[in-house]
Every structure is written in C-alpha cells, then in structure tokens.
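Architecture at a glance
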Amino acid sequence: MAQRQNGARLVFPIDLKKKPCEQKLPLHNRWHPDIPPVADVVAGELFRVEMMDFSGGRITQEFSAEDIKHAESLTLLMLVIPVDVKKQPWEQNPPLHNRWHPEIPPVAEVKAGEFFRTEMVDWTGGSVRDDESAMDIKTIDLSCVHHLSGPIRVVDEDGVPAKAGDLLVVEICNLGPLPGDEWGYTATFDRENGGGFLTDHFPCATKAIWYFEGIFAYSPHIPGVRFPGLTHPGIVGTAPSMELLEIWNERERDVEENGHKTLPLCKVLHSRPLANLPSSTGCMLGKIKEGTPEWEKMAEEAARTIPGRENGGNCDIKNLSRGAKVYLPVFVEGANLSTGDMHFSQGDGEVSFCGAIEMSGFLELKCDIIRGGMKEYLTPMGPTPLHVNPIFEIGPVEPRFSEWLVFEGISVDESGKQHYLDATVAYKRAVLNAIDYISKFGYSKEQVYLLLSCCPCEGRISGIVDSPNAVATLAIPIAIFDQDIRPKSSKVPMGPRIVRTPDVLKCSYDGNLPITKNLSAGK
C-alpha cells in the first residue's frame, strides 16, 4: 500500500512581507468570469490556500493614530518548548521527561495571562512508524513512556511563583498536530507487553494508521469510516510534592504486590502489571543527567506517568479541546506544569490502551493562579489534604452528532458470573457487545476494537444503584460509517457486508496465556 504524504499540497502561497501586487501568484479583488485560474486541483485532493487579510496588509501592528483601535487585539505567542519530530526524544532541546518527581527542574517559565505555545512528540517518542507493519507495536519499550514537555514554572504578573495550596488554571486556547506531521496511529499491545482492556480477547499486537484532512481523520486499515476529531492532550499535570510522591508509590506497590490475590477484578481484566512502579530503566528526568548520583536517586523514586492521579496527569479526557480549562492543584513552588500524549481523537475509555489516534502536536495555552484555591475549591477525599482531584471545564467546540447506536453492558462477565455493581465489568460487556454487532457489517473484530478506542464514542455509567447489576453503555455515532449500521427488518438496500479489506496490521501472539472466548457470540 502506498503511503500518503503528510499534510496538504500548498497551491496558493502568500508572503506577508510583500504587497498584494508583489505576490508570486497574482491576487484579485473582483468577480468576473474571465479571470484566469492560477492553480489546478484534483477531486479528492487535500490542498492548502493561503490568504492575506482583507486590507492586503494595509492595517499594521504599529501604534499609529490610524491603527490604535486595533491595539487591544494584539496577541503575541511565545514558543516555550519546541520539538523536532526528526530527532530522538533524548536529543530534544529543551530535554523531555517521562516521570513525575518534584525535583525535575523546569525548562521554561511563563507569567499568568501570558499566551504561550508548547510542542510535544507523540507519547512513544517516535517509536511507532507510518509503515505497513505492527512489529514496532509488538516490540515497543514501554519503560520510556510517556514523553512529556516541561516542566513549566508559572509565576504571577509580579514574578511571584505559584505556591503549594494554589490552583493552577490552564486554558487551552488552541491545539493541533504539528505541521508536516499530520498523521497518527491506534494500536493494541501484545498481551505480554502492555495488553489492553480486552487483552484476553485480543492478545495480538495490531496497528492502524490514520491520516488527517483538516478536522477529519480516515484510515486505510479501517475503510468506510471517516469522522471529525476532538483533539486534546491526554496528559496535563503538575509536579507532585515529595510527600504525595511517597503516597503514590506506597499504595501502588501494595496493589502490584498483593492485588492478584485480593482483587476479584483481576480474574476478569487481564492487563499486567497491576501498577507500573518506579524504575530507572528507560527513565528520563529532563535536565538531570543520567548516571549522576542525583539521577540515580530520583530515578528510583520518580512515578511512572501511566495512570491519572491527584496531579491530573494521564486522565485522557477526550473533551479537553479548544476553550477547555483545567484547574490543577499545586503541590510545589512554580507548579511545574507538564503536557504530552496528544490525541487527534479518542473514544471514552481509550479501551485498546494505545487507543486514541496518537500523534505529535502543539498546545497554545494561558495560565492563571488562584491563590489558596486548593482549600477553597477542592475537597480532600482521603487521609491527607493532598488527596484531591482536579476540576475540568469543557470547552465550547466539539463535533455534533444527532444519531447514535447505544450498546448496554451489565456486571456479568463472559463466564456468566455475577459481579456486584461492578461498572468495569459492565463497560467491558458493553464494548464486547458493540464489537460483535459492528463486525456483522463487514469489519474484523480487531478493526472494530481499534475504532471504538479512537472514534468519538460516548461511554456512560447508566446505573450504579440497582443491585446486583451496574449498567454501562457505549454510544456510537452512526454518521461516522459509510453505511447504515442500524438493525432493519429488510436487508435491502443495505445489510451486513462481506469482510472489508485491508484489515488492521497484525502480529502473531507467541505467548501461552489462555484466550477468553464468548462461545455464544458471532464468529
């Protein structure tokens, strides 16, 4: 399969340093049938047109009497963290990090109210390639993820840094893929190297490549599907204090060491390990040089970035797009904000683990500081004042869908065993029900699994009080398909199709762990 070139073809460039009459391709300011075309495009081709402002550059940024009425709209964007996707993560300047620790030094400083831009590599640091193999997924080194940009020290307008106990307000003004790198991927990890929500059903490493056409995404590996992305960062978080870091490590170590024996859910969900504990393997600590005594000490303490925690972190909230705000607790001086794990689109739950449309990208942000905001607005849910959680304000921009097909799940597992009000078991059932149903319309189950992980589907806990069953639902927008997937009394004009090709990229599973089979489901 031929690879598509990233990005749109530029058919009409503009040089803002030149006057309208000096442009390489001539402009026009009248309508007439005999004005000759200046470029050709082919139907279906993705292309780009650049334009001057309506005045042709006559309105300037100078504070003259003529232009003074525009002074309040002047906005200067400061790039605080650039990345080069052609370089390895350890070659980036400023350096990246992939752990949480209070002593990772900030690489930049911004003031409250300042408009700034930070760029990010994809969460694997470029380990996944735009090619026709899933071997990079099967053999990926997960000790290195996530690659984060930051930390960024935040101070107020007087230069006084954010303090422990404050709230850091992070407003997402704009975001998107990095220019020239407009592609992404969705994948499932091998069961014995990462796994996923349904790894006992889908143990093989798989991969689908997605290409972007403005706000839309399509994949040659999941044909017949196209949808607008709700682009967002998977990770926005502040640095923990040393006390909070110790709380994390203690409770997560207990789960990893004892959870197999004590947690009933381990018999239904099979992703391992149960917690990713601190490890020096693959550790990146920003400006702290590897191999130094300081690095050795911090690497054994620093928390992995895999789960979301009290500091925000890897929350994977798909609606944190343009106009959204995050109210993050501050645990250290300066807050030390970090971002990463950019997603072009994601379904609720990101069920395949590598399950959004993962990409490199940028964020354009503004920050504010609410002094003493933790005590005023956040209620601790635990034994210390540190046991708090962020607040998220969803932005006004998102795709609009009017028709949905909704799949229900209850807290009864595939063996028929009843669980007591377990929303996780119920959601697993809802996802499995959706996969089996949509596979009737010409898709492999691997294709549907990846699709439900990255398309704008809506997951809900619909019932959590009616013993013994929790009820979870998964709503899928019908419009993303090129066929009507609703049940019909007649198969005319459209019913279930033969399997659509090509399929997702796939590797073999070479382990010997048992695979869960639903004996009553479709083949």
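Residues numbered from 1 in each chain as written. Predicted model: local features only at pLDDT ≥ 70, side-chain atom pairs only at ≥ 80, totals over all residues. Heavy atoms only, no water.

A separate point is the sheet that holds strand β8 (residues 167–176). Taken together, the 6 strands give an open sheet; going across it, the order is β3-β6-β20-β8-β17-β21, and neighbouring strands pair in mixed fashion. The sheet is open, and its two edges are formed by β3 (78–81) and β21 (391–393), each paired on a single side. Pairs of neighbouring strands in the sheet enclose a mean axial angle of 30 degrees, with direction left out of account. (Pairing = 2+ DSSP bridges. Helix = DSSP H or I, 4+ residues; strand = E, 2+ residues; numbered from the N terminus. Axes fitted to C-alpha atoms, helices over the stretch in contact; angles between N-to-C directions.)

With that settled, consider the pairing of strand β10 (residues 206–213). Buried residues dominate β10, accounting for 8 of its 8 residues. Alternating residues of β10 divide into Thr206, Ala208, Trp210 and Phe212 and Lys207, Ile209, Tyr211 and Glu213, and every residue in both groups is buried. Examined bridge by bridge, β10 and strand β25 (residues 505–506) share 2 bridges and lie antiparallel to one another. Opposite Lys207, over in β25, you have Leu505 as the bridge partner. (Buried < 20%, exposed > 50% of the residue type's maximum accessible area, 1.4 Å probe, protein only.)

Turn by turn, an α-helix covers 3.6 residues, leaving residues three or four places apart pointing in a common direction. Taking 1.5 Å of rise per residue, 16 residues should cover 22 Å, and helix α5 (residues 423–438) covers 22 Å from first to last C-alpha, within 8% of that figure. Within α5, 12 of the 16 residues are buried, which leaves it mostly tucked inside the rest of the structure. All of the buried residues in α5 are Val425, Ala426, Tyr427, Lys428, Ala430, Val431, Leu432, Ala434, Ile435, Asp436, Tyr437 and Ile438. The inward-facing, buried residues of α5 contact β22 (404–410), α6 (445–454), β23 (458–463) and β24 (471–477). Among the residues of α5, the N-terminal cap falls to Asp422, whose side-chain oxygen and the backbone nitrogen of Thr424 are separated by 3.0 Å. (Expected span 1.5 Å × (residues − 1). Contact = heavy atoms within 4.5 Å. Polar contact = N/O pair within 3.5 Å; in protein donor to acceptor, adjacent residues only side chain to side chain.)

A word on the packing of α5 against α6. Running from N to C, α5 and α6 point in directions that differ by 130 degrees, and their axes come no closer than 9 Å. Here α6 runs oblique to α5, going by the angle between their axes. For α5 against α6, the interelement crossing comes out right-handed. Residue-level contacts link Val431, Ala434, Ile435, Asp436 and Ile438 of α5 to Lys445, Val448, Tyr449 and Leu452 of α6. For the contact of α5 with α6, a count of residues per class yields 7 nonpolar, no polar and 2 charged. (Parallel < 35°, antiparallel > 145°, perpendicular 65-115°, else oblique. Left-handed = near helix turned anticlockwise from the far one by under 90°. Nonpolar A, V, L, I, M, F, W, Y, C, P; charged D, E, K, R; others polar.)

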